[in-house]
Amino acid sequence: MSRPPTIHDVARRAGVSKSLVSLVIRDAPNVSDARRRAVKKAAKELGYRPNAAAKSLVRGRSFVIGVLVADLHDPFFADVIDGVDQRATEADYRSLLNTGARSARRELAAVDTFLQLRVDGLILVGSLLEAKHIATIAESVPVVLASRATRLASVDCIVTDDKAGAIMATDHLISLGHRAIAHISGGPGAGARQRRVGYEAAMRAAGLQSRIRVAAGDFTEEAGARAASRLLRTKATAVFAANDFSAIGAMSRFEERGRKVPDDISLIGYDNSSLSHLGHIDLTTIDQPRAAMGSLAVELLLERMIDGRDEPRRVTLAPSLVVRSTTAELS
């Protein structure tokens, strides 16, 4: 057969009507076991697959969750996706992945694709979209933001307490005797503002407000390296980077320029991503419960999609400090 098999082909092979094949595809109860087996056998022999879009129209639900991540290169997002996929599978849903590649314009295009595919709900991880766009999307489909806060009544969100995590990171460096502590910011990245706020609050609380120094960056390795180049011209003895990716970029640049980590400069990241505990990196960092964030995002979607909950949920997860080999006492 040169063309894909159709429902008519299945009906002919099974010796039944097209309408009965349709009933079997929809898992309708009023079909005898013998005929159900005959239809399934014919479909398997022909390699027939039901049209998912048509099936979702009949059932009123696609059983697909759209997952949009800000950056596929950042392992933080991969860890969140793991949590999403596991919980979605448990609930008999499939997850469909796309990325905005750190561009709000591309995020909007990706969301439009999801809506055309009739996903039942959307999880936006680290989204850069403006609140007005998210509110518009939530008029069509339930939306959960992961790793970004919102005040929208129609949208749920799950975040880590980024301010507390940043205070934890900065206090760790202060406890090691560092005073000239710089921060590589996360730019427009989700959670970046609160991490900068936490860093500055910890510095002020320690009487180090005059030593506050922020190097502009974002959540990429390249931005971390550029910021590190600027910090090499300062007297900073320790650096808190807004995420692990930028911390790794900073580490590479420091070592390229002959500054050993942690002998010459201590470095701490944020996320506790899978890269951070690789042996040759062994980065001190702030842990976010990433898989739990993904799992909870699915749970919140299910509450809206199945239980009909319409009041907003705001979930804040606690961060924790993971000490490895990139931070040391000031000598």
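In this text, all values refer to a predicted model and were calculated from it rather than measured experimentally. Counting of residues starts from 1 at the beginning of each chain's written sequence and follows it residue by residue. Totals for whole chains, interfaces and linings use all residues, but because this is a predicted model, local features are given only for residues with pLDDT of at least 70 and pairs of side-chain atoms are given and counted only at 80 or more. Derived side-chain values reflect all non-hydrogen atoms in the structure, with water molecules and hydrogen atoms excluded from consideration.

1. What to know about the pattern of salt bridges
Using the following cut-off: Counted as salt bridges are all cases of a side-chain nitrogen of Lys or Arg within 4 Å of a carboxyl oxygen of Asp or Glu. Exposure classes here rest on a 1.4 Å probe applied to the protein chains alone. A residue is buried below 20% of its type maximum, exposed above 50%, and partly exposed in between. Strands here mean DSSP runs of E at least two residues long; helices mean DSSP runs of H or I at least four residues long; both are numbered from the N terminus.
For the coordinates displayed, the defined rule picks out 18 salt bridges. The partner of Arg-290 in a salt bridge is Asp-287, with the nearest N and O atoms 3.0 Å apart. By relative accessible area, Arg-290 is classed as buried at 14%. Its relative accessible area of 16% is what places Asp-287 among the buried residues. Arg-313 is the salt-bridge partner of Glu-303, the closest N and O atoms lying 3.0 Å from each other. Of the two residues, Glu-303 is situated in helix H12 (residues 290-305) and Arg-313 in the loop between H12 and strand S11 (314-317); the sequence distance between them amounts to 10 residues. You can call Arg-313 partly exposed: its relative accessible area is 31%. Here the salt bridges share partners, and the residues they tie into one network are Asp-156, Glu-303, Arg-304, Arg-309 and Arg-313.

2. Quick look at helix H6 (residues 104-116)
Put simply, the rule reads: Expected helix span is computed as 1.5 Å times (number of residues minus one). Within this analysis, the arc is defined by the directions that extend from the helix axis to the C-beta atoms. Contacts were defined at the residue level, with two residues in contact if any of their heavy atoms lie within 4.5 Å.
In this model H6 runs 19 Å from its N-terminal to its C-terminal C-alpha over 13 residues, within 8% of the 18 Å that 1.5 Å per residue would give. Three or more residues of H6 are buried, namely Glu-107, Ala-110, Val-111 and Phe-114. Down the axis, H6 shows its buried residues gathered within 100 degrees of arc, on one side only. Exposed and facing more than 90 degrees away from the buried side of H6 are Arg-105 and Gln-116. Lining the buried residues of H6 we find strand S1 (64-69), strand S2 (94-99), strand S3 (121-125) and helix H7 (131-138). Where H6 ends, the next residue or the one after it, Arg-118, has phi of about 60 degrees, a positive value.

3. Here's the deal with the nonpolar core
We count it as follows: Each nonpolar core is a collection of buried residues, namely Ala, Val, Leu, Ile, Met, Phe, Trp, Tyr and Cys, held together in the definition by side-chain atoms within 4.5 Å.
Counting 25 residues, the largest nonpolar core has Ile-65, Ile-123, Val-125, Ile-158, Met-293 and Val-298 as its most contacted members. The dominant element in this core, judged by the number of residues it contributes, is H12, at 7 residues. In contact with Val-125, not counting residues within four places along its chain, are Val-67, Leu-68, Val-69, Ala-70, Phe-77, Val-80 and Ala-146. Formed by 20 residues, the second largest nonpolar core is a distinct cluster that contains Leu-231, Ala-250, Met-251 and Leu-267.

4. A few points about the sheet that holds S2
Here is the rule we go by: When DSSP locates at least two bridges between a pair of strands, those strands are taken to pair. Here an axis means a line fitted to C-alpha atoms, over the contact stretch when the element is a helix, while the angle between two N-to-C directions is reported on a 0 to 180 degree scale.
The 6 strands are arranged S2-S1-S3-S4-S5-S11 in an open sheet whose pairing can be described as parallel. Each edge of the open sheet carries a strand with a single partner, namely S2 and S11. Here the average twist between neighbouring strands, direction ignored, is 15 degrees. Here S1 runs beside S3; their pairing, made up of 5 bridges, is parallel. Across the sheet, Leu-68 pairs through a bridge with Leu-124, a residue of S3. Along the sheet, H6 makes contact with S1, S2 and S3, crossing S1 at roughly 175 degrees.

5. Considering the side chain of Asp-244
Operational definition: For the charge count, each Lys or Arg is scored as positive and each Asp or Glu as negative, with His and the chain ends excluded. Side-chain atoms alone can form a polar contact between residues adjacent in sequence; in general such a contact is a pair of N or O atoms within 3.5 Å, and within protein one must be able to donate a hydrogen while the other accepts it.
Residue position: Asp-244 is located in helix H11 (residues 244-256). Of the buried charged residues, Asp-244 lacks a salt bridge, with Arg-324 as the closest side chain of opposite charge at 6.3 Å. Here the side chain of Asp-244 touches Asn-272 through a polar contact of 2.9 Å, landing on its backbone nitrogen. Not counting chain neighbours up to four residues away, the residues in contact with Asp-244 comprise Gly-269, Tyr-270, Asp-271, Asn-272, Ser-273, Ser-276, Leu-283 and Thr-285.

6. Here's the deal with the packing of helix H5 (residues 75-90) against H12
Heads up, the rule is: Note that the term roughly parallel is reserved for angles under 35 degrees, roughly antiparallel for angles over 145, roughly perpendicular for angles of 65 to 115, and oblique for everything else. By the definition used in this description, the sense in which the near helix is turned from the far one sets the handedness, with an anticlockwise turn below a right angle giving left-handed and a clockwise turn giving right-handed. Three classes are used, and their members are as follows: Ala, Val, Leu, Ile, Met, Phe, Trp, Tyr, Cys and Pro are nonpolar, Asp, Glu, Lys and Arg are charged, and the others, Gly among them, are polar.
Their axes nearest at 6 Å, the elements H5 and H12 cross at an angle of 45 degrees. What the angle tells us is that H5 and H12 run oblique. With respect to the hand of their crossing, H5 and H12 are arranged in right-handed fashion. Judged by residue contacts, Phe-76, Asp-79, Val-80, Gly-83, Val-84, Arg-87 and Ala-88 of H5 engage Arg-290, Ala-291, Met-293, Gly-294, Ser-295, Val-298, Glu-299 and Leu-302 from H12. Counted by class, the contact of H5 with H12 contains 8 nonpolar, 3 polar and 4 charged residues.

7. Focus on the sheet that holds strand S7 (residues 213-215)
Pairing is parallel across the open sheet formed by 4 strands, whose spatial order is S7-S6-S8-S9. Unpaired on one side and paired on the other, S7 and strand S9 (266-268) mark the two borders of the sheet. Strand-to-strand twist across the sheet, computed as the mean angle between neighbouring axes with direction ignored, equals 25 degrees. Relative to strand S8 (residues 238-241), strand S6 (residues 181-184) runs parallel, the two sharing 4 bridges. Bridge pairing in S8 places His-183 opposite Phe-240. Docked against the sheet, helix H8 (residues 162-175) engages S6, S8 and S9, running at close to 170 degrees with respect to S8. Along the sheet, helix H9 (residues 192-205) contacts S6, S7 and S8; its crossing angle with S6, the most-contacted strand, is approximately 170 degrees.

8. Some details on the packing of aromatic side chains
What counts, and what does not: The aromatic pairing rule takes the rings of Phe, Tyr and Trp, using the six-membered ring of Trp, and pairs them if the centres are within 6.5 Å, calling planes under 30 degrees apart stacked, those over 60 edge-to-face and the rest tilted. The criterion is that NZ of a Lys, or CZ of an Arg, lies within 6 Å of the ring centre and within 35 degrees of the ring normal, and then a charge sits over that ring.
All chains considered together, the criterion is met by 3 aromatic pairs. Taken together, a centroid distance of 5.2 Å and an interplanar angle of 45 degrees make the contact between Phe-63 and Tyr-93 tilted. With Phe-63 in the loop between helix H4 (52-59) and S1 and Tyr-93 in the loop between H5 and S2, this residue pair connects regions lying 30 residues apart in the sequence. Between Phe-240 and Tyr-270, the aromatic rings sit 6.4 Å apart at their centres with planes inclined by 40 degrees, giving tilted as the arrangement. Taken together, the residues span a long stretch of sequence, with Phe-240 in strand S8 and Tyr-270 in the loop between S9 and strand S10 (285-287) at a distance of 30 residues. Taking relative accessible area as the criterion, Phe-240 reaches 0% and is therefore assigned buried. A cation over a ring is seen here: Arg-195 above Tyr-270, with NZ or CZ 4.0 Å from the ring centre.

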